[in-house]
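Here is how the chains run, residue by residue.
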Amino acid sequence: MSDAADDILTKPLGVADKAARPRFALRPYVGAATGAGILTLALLAGGLALTGDPRGGEPRAAAIIEIREAPAPRAAEAAAPVPKGPAQSASEVEQASGVTVFRPDGSAAPDAPVIIRVPNAAQVKLAPAPDPRLTERGRHGPLPRLGEGRLRPLDVYARPEEPGTGPRIAVLVSGLGIGENATLGAIARLPAAVSLALSPYGNDLEKTAIRAREAGHEILLQLPMEPFDFPDSDPGPQTLLASARPGENLDRAAWAMSRFPGFVGAVNFMGAKLMSEPGALEPVLKDLSARGLGFVDDGSAAGSKVAEVAAKTKLPTARAEIVIDAVARPDAIDAELARLETLARQKGFVLASASTSPLTIDRLSRWSRDLETRGIRLVPVSAILRRPGGVAKLSSAAP
């Protein structure tokens with residue numbers, strides 16, 4: 001570019017020419033670039049003056065940002081379980097859920113035959129409790145009573161016996177409600193046909209009763225009764241005493257019966273002394289009979305007069321022939337369970353009792369896994385209490 005052109009671009013507009021000033025000599029292409037830059041600035045300044053926009057009319061777009069709440073999860077997503085903690089072993093899952101797996105040949109091979117039992121697998125539903133037709137108000141709370149048409153709690157609250165043939169065994173496990181772990185273990189791990197007895201001294205007994213019955217177990221009430229070595233052996237503050245007035249024992253029994261609903265009858269807790277004295281025992285059993293309940297003698301007391309007194313009061317009753325865990329050792333319990341099977345095959349029907357100790361629950365759970373494959377059925381205790389004739393005589397029971 002010539003010097004003249006350079007002068008035109010660099011000197012101020014509208015200013016008269018002045019004497020040439022000394023300046024550095026620039027390469028042609030630098031001069032051209034400088035001129036182009038000045039022209040650009042001039043155009044931008046003009047655009048600002050015309051539009052008032054520092055961007056000089058440059059195209060642009062505006063976006064509106066809205067803050068929205070996260071959508072509620074769909075029902076399927078809300079119901080999806082959230083994984084918790086590390087994976088459990090198969091045995092831990094079995095124990096927690098009550099689902100048991102038995103391999104008859106002891107093989108762990110993937111293709112080995114197995115028997116899987118789920119608690120209350122038959123989904124036998126027990127009648128709701130309490131039933132207002134069978135409930136009256138007592139001094140301590142609701143009490144069972146005989147309904148119109150002689151409708152009995154024994155019949156309404158019982159677990160229905162499932163159809164089948166062959167020898168039958170009824171097992172009553174007592175002491176639920178005292179220890180939470182033992183109680184939940186018994187409800188979850190034992191077959192639903194096993195009957196459960198709750199102590200009146202337990203906590204949250206109504207909740208325990210509901211949980212047991214929802215799992216298919218029929219329930220009974222433990223009545224604390226005086227033993228021979230009372231008070232060294234003490235069944236608790238509401239013990240029915242052989243020396244007490246009938247009204248006092250009936251009031252204590254009413255307290256126990258008001259603790260939870262839905263039981264088919266009662267079972268003694270200790271009680272060797274009371275059960276050996278007909279005069280003290282009769283008012284208690286007569287009251288149970290008038291309320292449409294049954295009574296189970298757990299077989300732990302020698303010299304019990306329950307059977308003869310029950311016959312006078314027309315109370316449905318039965319006595320356990322075997323106390324499964326009288327000796328609390330695994331080998332002794334297993335031996336009694338084997339004897340129980342032998343008696344069932346001989347007599348057709350046998351009633352046994354047991355405690356809710358973890359050892360007993362474990363041995364009963366293992367024993368019952370494949371009981372049906374050996375041709376024996378488990379049935380609820382009410383199956384013997386509801387037999388015609390009132391007092392159950394197991395020695396004459398037919399298959």
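Under the annotation held in an unreviewed UniProt entry, the protein carries the name Divergent polysaccharide deacetylase family protein and is attributed to Methylorubrum rhodesianum.

Caption draft 1: Expanded view of the nonpolar core. Membership of the largest hydrophobic core comes to 61 residues, with the highest contact counts inside it found for Val 173, Leu 223, Leu 288, Phe 295, Ile 324, Leu 340 and Leu 364. Discounting residues that sit within four places of it in the chain, Leu 364 has contacts with Val 171, Val 173, Leu 190, Ile 324, Leu 337 and Ala 354. Val 264, Phe 349, Leu 351 and Val 381 belong to the second largest nonpolar core, which has 21 residues in total.

Caption draft 2: Structural view of the pattern of salt bridges. Applying the stated criterion across every chain, the model contains 23 salt bridges. In this structure, the salt-bridge partner of Lys 312 is Glu 282, at a minimum N-O distance of 3.3 Å. Placement of Lys 312 in helix α11 (residues 306-313) and of Glu 282 in helix α10 (residues 278-290) is noted, with a sequence separation of 30 residues between them. A residue is classified by how much of its surface remains accessible, and Lys 312, at 60% relative accessible area, is exposed. For Glu 282, a relative accessible area of 27% gives the class partly exposed. Here Arg 291 ties to Asp 287 by a salt bridge, and the two come within 3.2 Å at their closest N and O atoms.

Caption draft 3: Quick look at the packing of helix α12 (residues 330-347) against helix α13 (residues 358-368). Taken N-terminus to C-terminus, the directions of α12 and α13 make an angle of 45°; their axes are 10 Å apart at the nearest point. As far as their axial angle goes, α13 and α12 are oblique. Between α12 and α13 the crossing geometry is right-handed. Note on element contacts: α13 touches α12 through Leu 359, Thr 360, Arg 363, Leu 364 and Trp 367, opposite Pro 330, Ile 333, Asp 334, Leu 337, Leu 340 and Glu 341. Residues that form the contact of α12 with α13 fall into these classes: 7 nonpolar, 1 polar and 3 charged.

Caption draft 4: A look at unusual backbone geometry. Between Ala 129 and the following residue, Pro 130, the backbone shows a cis peptide bond with an omega angle of 0°. One can find Pro 130 in the loop between β2 (115-117) and β3 (135-137). Residue Pro 231 is bonded to the preceding Phe 230 through a cis peptide linkage, with omega at 5°. Along the chain, Pro 231 falls in the loop between β7 (219-225) and α8 (246-257). Its identity is not glycine, yet Asp 204 carries a phi of approximately 50°, on the positive side. By secondary structure assignment, the location of Asp 204 is in the loop between β6 (195-198) and α7 (205-214).

Caption draft 5: Local environment of the pairing of strand β8 (residues 263-270). The buried count for β8 comes to 6 of 8 residues, which makes it a mostly enclosed element. In this fold, β7 hands off to α8, which returns the chain to β8; that crossover is right-handed. Bridging between β8 and strand β9 (residues 294-297) involves 3 bridges; their strand directions are parallel. Following the sheet pairing, Ala 266 is matched in β9 by Phe 295.

Caption draft 6: Looking closely at α10. Spanning 13 residues, α10 covers 18 Å between terminal C-alpha atoms, matching the ideal 18 Å at 1.5 Å per step. Within α10, the full set of buried residues consists of Ala 280, Leu 281, Val 284, Leu 285, Asp 287, Leu 288 and Ser 289. Elements that come into contact with the buried residues of α10 comprise β7, α8, β8, α9 (272-275), β9 and α11. Immediately beyond the C-terminal end of α10, within one or two residues, lies Gly 292, with a positive phi of roughly 80°.

Caption draft 7: Representation of the environment of Arg 319 within the structure. Considering the arrangement of structural elements, one finds Arg 319 in strand β10 (residues 317-319). Given the relative accessible area of 35%, Arg 319 is considered partly exposed. Note: C-alpha distance between Arg 319 and Gly 299 (20 residues apart in sequence) is 5.8 Å. Within the local environment of Arg 319, its side chain forms a polar contact with the side chain of Asp 297, the two groups lying 2.7 Å apart.

So, how was this worked out
- Residues numbered from 1 in each chain as written.
- Predicted model: local features only at pLDDT ≥ 70, side-chain atom pairs only at ≥ 80, totals over all residues.
- Heavy atoms only, no water.
- Core = buried A, V, L, I, M, F, W, Y, C linked by side-chain atoms within 4.5 Å.
- Buried < 20%, exposed > 50% of the residue type's maximum accessible area, 1.4 Å probe, protein only.
- Contact = heavy atoms within 4.5 Å.
- Salt bridge = Lys/Arg side-chain N within 4 Å of Asp/Glu carboxyl O.
- Helix = DSSP H or I, 4+ residues; strand = E, 2+ residues; numbered from the N terminus.
- Axes fitted to C-alpha atoms, helices over the stretch in contact; angles between N-to-C directions.
- Parallel < 35°, antiparallel > 145°, perpendicular 65-115°, else oblique.
- Left-handed = near helix turned anticlockwise from the far one by under 90°.
- Nonpolar A, V, L, I, M, F, W, Y, C, P; charged D, E, K, R; others polar.
- Right-handed = clockwise from strand over helix to strand, strands pointing away.
- Pairing = 2+ DSSP bridges.
- Expected span 1.5 Å × (residues − 1).
- Polar contact = N/O pair within 3.5 Å; in protein donor to acceptor, adjacent residues only side chain to side chain.

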